[in-house]
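Descriptive structure summary
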Amino acid sequence: MLKIENLCVKYDSIRVVHNVSLDINDGEIVAMIGANGAGKSTILKTISGLLKAESGKITMDSEDITRVDSHVIVQRGIIQVPEGRQIFTKMTIEENLKLGAFLQKDKEKVERNFERVLTLFPILKERLKQTAGTLSGGEQQMLAIGRALMGAPRLLLLDEPSMGLSPLMTQNVFDVLRQLKKDGITMLLVEQNAYDALEISDRTYILETGVVKITGWSRELIEDPGIKKAYLGGEYDA
Amino acid sequence: MKLKDSNIFRLILFVLIPLAVIIYAGLDSGGYYAGLINLVGINIILVASLNLVNGFSGMFSMGHAAFMAIGAYTSATLTLNAAQKATYMPGLPEWLMNLVLPFPLALLAGGIFAAIVAILIGFPVLRFKGHYLSVATIGLIVIVRAVLDNEDQLTNGARGVTGLPPYASTWIIFTIVILVLYLLHRLINSAYGRGLIAMRDDYVAAQTLGVNLTTKKLSAFCISAFIAGVGGGLWGHMQSVISGKFFYIDYSFKIVQTSIIGGMSSLSGSVVGSILMTYIPEFLAPLENGLRIFGTRLPELYGISNIILSSFLIVLIIFRRQGIMGYSEIITESIFSLKTYKSVFDKSEYRIFMESLKGSIKSIGSIPTRISVWISNKKRKKKGE
Amino acid sequence: MPDFGYFLSQLFNGIKLGSVYAMVAIGYSMVYGILRLINFAHGDIMTVGVYTILVLFTTYGMPLWLTIIISVALSIIVGLTAERVAYRPLRSSGEETTLISSLAVSILIQNIIVMVFSPQRVAFHLPDYLSKLHTFGTVRLSTMNIITFVAVFVILIALSYMIKNTRVGMAMRACSDNMNAARLMGINVTTIIVIAFAIGSALAALSGLMLAGEYKTIDPLMGFVPGLKAFCAAVLGGIGSLGGAVLGGFILGIIEMLFAGLMPTEITPYRDAFVFLVLILVLLIKPNGILGSNEGGRS
């Protein structure tokens, strides 16, 4: 579905992503983990058109989307749940969700998605008319994911969904992601929370200072002692 | 070693040549070129003081001309004799009528009064968020002008005050230029200055330094206003005429423009900017009045120099926001560091100078190549976007 | 003590002036709400519109309705050019740089007009059917005044409806709230910005017509100070809020006129200064304006 080849991205004249290649197949959850500053968020932002690639190629279903404007990327079905939620704080929950469906033409489909999202996130259902800025961190994350789902994504990009959330809320979020996986939504998940990311994903790319260090099947990586030591806190079994 | 690092080169370009120019202007007193050079000097004073606030402290004030006006009028009040004051400022209290002070004191008074106004205004206004602060400073100019134009008894209203004694000689102006640049140079390179820069770069982080930021902002604002007041006094005693309309939004914006073009965050930028912005309009003046080229008379193009300058400003701010000098302080560093002067006695410095000079002359030959490389780099960058 | 009739006529003068401020303030508020840009050139776009009418209507005798359309179109073109050339490249830079750029654009426009026409004032007359006066006791209003006043509210209602109920309006609100998130929703932010600028420029041109008709002269710098005051009005009412812009516009106009009319003559020339003073005072109490929300407006 999505294929990234030799991507290089500069940020204020410092190159933060060096020749990264990865691909995502239909129905997969692919995770990108690594320490802070590894370039994971940068890659997501570049896919979504918020940053411009210095060189390299990004293709979606064989269509080159490297230099395409952000709103066109959304038209192609690639929708991002950004870092820090980035919800519309001055608008209501309902308006936030409706905005997620901005490009959707089929009104009935939008209504169905709306119902679906509200089923997934009952908290939102109760607070439809509330201003989004009054929500707690975890609720905002639910809203952000729900908003992205309203756009009927073919590929869902999630940028550190667990950031700033309590362990309990993090579990709630990952439960939702598990449910989405069951529904067959393809996802690219960027996370600092390595264990949860490895657990939920099919394949994982581990990034370090802008390069792909390791890649493989998540269930193998999660058992690997080297990985355990470097990213999962050593000998402690979760 | 690059030519600009050579101390002898710096001595020649930044000390000896300017000195020669200043001496020439001083001797040519009253002449056309002297007038321009004096204006450059005053602009340096004004722009450097504005840079303290706009470039180093993270605020953006556009009301500089207001402080100039205060300084000009205050110093005029203290240099005119009683007869003149009776004509132009009949409403002055008795003790002020007869008070005539030597020029330096009058200038100081102008600066102090400007600083006082800065405190009064700054106290409420400096808390505003960026944009609002800038608009409030424009408001300051409007208010000051309203006062100047309407308090006939104190200021002779919109007619202005004429007959200011021509005390602002080249020597005095440039002595003050050196003093001001030195003061600001030391200020910025001190802990105080670093605090200002910290405040500019990251307001939230700077708060953790344990300094009251409002006080810091206020102090920078006041120092800047003080210097501007002195500058205004100099201006007035050079032009001999002062009036509200000279210290209005257009002049204030000219100062801002000069500051940006030279480089807001660089004291040396004030020097470069002032030289350019004083000479370019002069240079373009014939165009405004209808230039004669090859026998044909071009139509009068009023406003052309403003058009060219503001277009240049837009281009500059898009492509090189930091102005011509950027963050470089090569001029002030050269003038105020001992090693520049010591180099006269050091033989090896001469050798360094000659070699780097040779090097620069050689590299002139490669300029065309370097330009084309630069262009193709830019093209590659554009494609990559 | 001035009598009630005088007070009333000053009040209505304030409303007249306020209509102009309100109309310009709406445009200001719209652009600022989305871009956080103080467009100093906004007032000068007003001047462009007026000079177009001067040339086409007064000099060439084109019918007024056509002139107005062309003038609005030209103002939009100027506004959009400024956006494309001077503001868009700076969108990712700080607010300060766009402020400087807008000042430069303002001076550029002013001086182009100076160069093409002349720095002198020029007489400007609306056709009789617009400048016809209607008297209500001590209050005198021209047809133009009434049209402008009504137009302000029609525009306010229309734009508010658009913002609340149309897709474009929702997109505008989203851009104003969080521009990057709006991009991620598939909103073409550039198009939205262009629309906002176009609306603002059109409104500026229309308000210029009213101003010129009222003062009967025009000059190249006529737009700058009213533009500035309109910005004050928008800030006063709560920047980003259209209703606030209109409210601020009228409050400012009324205060200015009442000040001019009721204060002893020694103080009346201070009216411009007074306007700024009021603004500063309001900002001290309510950093986000009268109708603004109470989130961070202080640094």
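Source: prediction; values computed, not measured. (Residues numbered from 1 in each chain as written. Chains lettered and ligands numbered in written order. Predicted model: local features only at pLDDT ≥ 70, side-chain atom pairs only at ≥ 80, totals over all residues.)

**Some details on the overall build of chain B**
Per the secondary structure count, chain B includes 19 helices and 4 strands. For 385 residues, the compact-globule estimate of 2.2 N^0.38 gives 21 Å, and chain B sits close to it at 23 Å. Each of the three principal axes of chain B carries a C-alpha extent, and together these read 70 × 65 × 50 Å. Among the 385 residues that make up chain B, the fraction classed as buried is 46%. (Helix = DSSP H or I, 4+ residues; strand = E, 2+ residues; numbered from the N terminus. Rg over C-alpha atoms; globule rule 2.2 N^0.38 Å. Buried ≥ 20, exposed ≤ 12 C-beta atoms within 10 Å, placed from the backbone.)

**Some details on the pairing of strand E1 (residues 2-11) of chain A**
Residues and elements named next belong to chain A. Summarising the sheet, E1 and strand E4 (residues 53-60) pair through 6 bridges and their orientation is antiparallel. For Val9, the partnering residue across the bridge sits in E4 and is Ala53. Where E1 lies against strand E2 (residues 14-24), 7 bridges are found, and the strand directions are antiparallel. When the bridges of E2 are listed, Leu2 appears paired with Ile24. With antiparallel pairing between neighbouring strands as the criterion, E1 and E2 make up a hairpin whose turn holds 2 residues, including Asp12 at a positive phi of roughly 55°. (Pairing = 2+ DSSP bridges.)

**Side note on the packing of helix H1 (residues 7-27) of chain B against helix H9 (residues 170-188) of chain B**
When two helices pack together, their arrangement is given by the angle between the helix axes and the distance between those axes. All names here are of chain B. Between H1 and H9, whose axes approach to 9 Å, the crossing angle comes to 150°. When the axes of H1 and H9 are compared, the pair comes out roughly antiparallel. Side by side, H1 and H9 meet where Ile22, Ala25 and Gly26 of the first sit next to Thr170, Trp171 and Phe174 of the second. Of the residues assigned to the contact of H1 with H9, the class counts are 4 nonpolar, 2 polar and no charged. (Axes fitted to C-alpha atoms, helices over the stretch in contact; angles between N-to-C directions. Parallel < 35°, antiparallel > 145°, perpendicular 65-115°, else oblique. Contact = placed C-beta atoms within 7 Å. Nonpolar A, V, L, I, M, F, W, Y, C, P; charged D, E, K, R; others polar.)

**Describing the packing of helix H2 (residues 32-54) of chain B against H9(B)**
Residues and elements named next belong to chain B. The geometry of H2 relative to H9 is characterised by a closest axis approach of 10 Å and an angle of 20° between their N-to-C directions. Between H2 and H9, the angle falls in the class roughly parallel. Pair H2 / H9 crosses with left-handed handedness. Contacts from Ala34, Ile37, Asn38, Gly41, Ile42, Ile44, Ile45, Ala48 and Leu52 of H2 reach H9 at Thr170, Ile173, Phe174, Ile176, Val177, Val180, Leu181 and Leu184. Broken down by class, the residue content of the contact of H2 with H9 amounts to 14 nonpolar, 3 polar and no charged. (Left-handed = near helix turned anticlockwise from the far one by under 90°.)

**Let's talk about the interface of chain C and chain B**
Contacts between the two partners involve 36 residues from chain C, matched on the other side by 35 residues from chain B. Within the residue set of the side of chain C that touches chain B, elements represented by two or more residues are helix H4 (95-116), helix H10 (224-237) and helix H12 (271-285) of chain C. In terms of residues, the side of chain C that touches chain B owes the most to one element, H4(C), which gives 15 residues.

**Concerning H1(B)**
Each turn of an α-helix holds 3.6 residues, which means side chains three or four residues apart point in the same direction. Residues and elements named next belong to chain B. Compared with the 30 Å implied by 1.5 Å per residue over 21 residues, the 28 Å span of H1 between its first and last C-alpha is a close match. Considered for burial, the residues of H1 that qualify are Asn7, Ile8, Phe9, Arg10, Leu11, Phe14, Ile22 and Ala25. Buried residues in H1 make contact with H2, H9, helix H16 (330-336), helix H17 (338-342) and helix H18 (347-365). (Expected span 1.5 Å × (residues − 1).)

**A few points about the sheet that holds strand E5 (residues 63-64) of chain A**
A sheet is described by the order of its strands in space; here 4 strands give the open sequence E2-E1-E4-E5 (chain A), paired in antiparallel fashion. Of all strands in the sheet, those with a lone pairing partner are E2 and E5 of chain A, marking the two edges.

**Some remarks on the sheet that holds strand E6 (residues 78-81) of chain A**
Residues and elements named next belong to chain A. In space, the 6 strands of this open sheet follow the order E6-E7-E8-E3-E9-E10, with mixed pairing throughout. Since the sheet does not close on itself, it has two edges, and those belong to E6 and strand E10 (211-217), each with one partner. Looking at each pair of strands side by side, their axes are set apart by 15° on average, direction ignored. Both E6 and strand E7 (residues 155-159) contribute to a ladder of 4 bridges, which runs parallel. Paired with Val81 across the two strands is Leu158, which belongs to E7.

**Let's talk about the pairing of E7(A)**
Residues and elements named next belong to chain A. Most of E7 is tucked away, with 5 of its 5 residues classed as buried. Both faces of E7 are covered, namely the face carrying Leu155, Leu157 and Asp159 and the face carrying Leu156 and Leu158. Looking at chain direction, E7 and strand E8 (residues 186-191) are connected through 5 bridges and run parallel. Looking across to E8, one finds that Asp159 is bridged to Val190. Crossover E7 to E8 through helix H7 (residues 167-182) is right-handed. (Right-handed = clockwise from strand over helix to strand, strands pointing away.)

**Structural notes on the confidence of the model for chain B**
Residues and elements named next belong to chain B. Model confidence for chain B is summarised by a mean pLDDT of 86, while 96% of its residues fall at 70 or above. Per-element averaging of pLDDT across chain B places strand E3 (residues 292-293) at the bottom with 66 and helix H3 (residues 64-79) at the top with 93. Among the prediction metrics, the complex's ipTM stands at 0.87, with pTM recorded as 0.84. (pLDDT = per-residue confidence, 0-100.)

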